[in-house]
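# Architecture at a glance
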Amino acid sequence: MDGIIWKGSPNHYTGRQGYGVTHITLHIMVGYLAGTDATFANSDSQASAHYGIGSTGEIHQYVSERDGSYSDANYMSNCSTISIEHEGGMSDGAVCTQACIDASARLCADIARRYGWKKLWHDGLKGNVWLHREIPGTDHAACRISRSSTRQTTYWKDKKWH
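Residue numbering note: each chain is counted from 1, following its sequence as written. Residues qualify for local features only when their pLDDT is at least 70, as the model is predicted, and side-chain atom pairs are given and counted only at 80 or more; totals for whole chains, interfaces and linings, by contrast, use all residues. Think of the side-chain values as coming from all heavy atoms in the structure, minus any hydrogens and water.

## Considering the side chain of Asp37
Put simply, the rule is: Runs of E in the DSSP output that reach at least two residues are strands. Runs of H or I that reach at least four are helices, and both are numbered from the N terminus. Note on classification: 1.4 Å probe, protein chains only; a residue is buried when its accessible area is under 20% of the maximum for its type, exposed when over 50%, partly exposed between these limits. For the purpose of charge, His is not counted, nor are the chain termini; Lys and Arg are scored as positive and Asp and Glu as negative. Every case where a carboxyl oxygen of Asp or Glu lies within 4 Å of a side-chain nitrogen of Lys or Arg is listed as a salt bridge. Only heavy atoms enter the contact rule, under which two residues are in contact if any of them lie within 4.5 Å.
Examined against the element boundaries, Asp37 turns out to sit in helix H1 (residues 33-41). Here Asp37 sits buried without a salt bridge, and the closest side chain of opposite charge, Lys7, lies 4.1 Å off (N-O distance). Setting aside residues no more than four positions away along its own chain, Asp37 makes contact with Lys7, His60 and Tyr62.

## A word on unusual backbone geometry
Glycine aside, the phi torsion of most residues is negative, and most peptide linkages are trans. Despite not being glycine, Gln17 shows a phi value in the positive range, around 55 degrees. Inspection of the secondary structure assignment puts Gln17 in the loop between strand E1 (5-6) and strand E2 (23-28). At Gln46, a position not held by glycine, the phi torsion is positive, near 50 degrees. Here Gln46 shows up in the loop between H1 and strand E3 (51-53). You can call Gln46 partly exposed: its relative accessible area is 46%.

## Observations concerning the state of the cysteines
To be explicit about the condition: The rule for a disulfide is simple: a pair of cysteine sulfur atoms within 2.5 Å.
In the structure shown here, the tally under the stated rule is 0 disulfides. Of all cysteine sulfurs, the one in Cys100 lies closest to Cys96, which takes part in no disulfide; the gap is 3.8 Å. Classification of Cys96 as buried rests on a relative accessible area of 12%.

## Some thoughts on the pattern of salt bridges
For the structure shown, the criterion picks out 2 salt bridges. Here Arg114 and Glu65 are joined by a salt bridge, their closest N and O atoms 2.8 Å apart. Separated by 49 residues along the polypeptide, Arg114 in helix H3 (residues 98-114) and Glu65 in the loop between strand E4 (59-61) and helix H2 (75-80) bring together distant segments of the chain. Judged by relative accessible area, Arg114 falls into the partly exposed class, the value being 42%. Arg114 serves as the salt-bridge partner of Asp110, at 2.8 Å between the closest nitrogen and oxygen. Within this pair, Asp110 and its partner Arg114 are both found in helix H3, separated by 4 residues, close to a single helical turn. Classification of Asp110 as buried rests on a relative accessible area of 13%. What emerges from the salt-bridge pattern is a single network uniting Glu65, Asp110 and Arg114.

See the structure below:
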């Protein structure tokens, strides 16, 4: 997909530890793209995702899809997902905009095509689009993606992005 800006992060597995890519995990930054860039660039944070999307629809890439990210607080999921952070999650600041959702839908559709998936679907951990809060590992208290991710998955289905 054109227009993705490589940022890079030192926080990732080398390779996927024998796992293949089976799903996309949607996250919310609880902040802004610039802050996520800084967090993922810091090796002390031990956090990363494959992609981050800002309020304008700008997409940054932090980890190669050949590698597992430190994103889901679950080793197996980290090694089998492509993780996408979305700007937003702050009621009095950063919000997940329509431009962010449009860019996310395009990116997810591109990932689905490249991995040979016939469609994108969310059905808890049974589908190929997972919400971070659904993954076993921690309570994911800071990842309040429920409302915007539901809006996103409905939008993808309605727009036939797959």
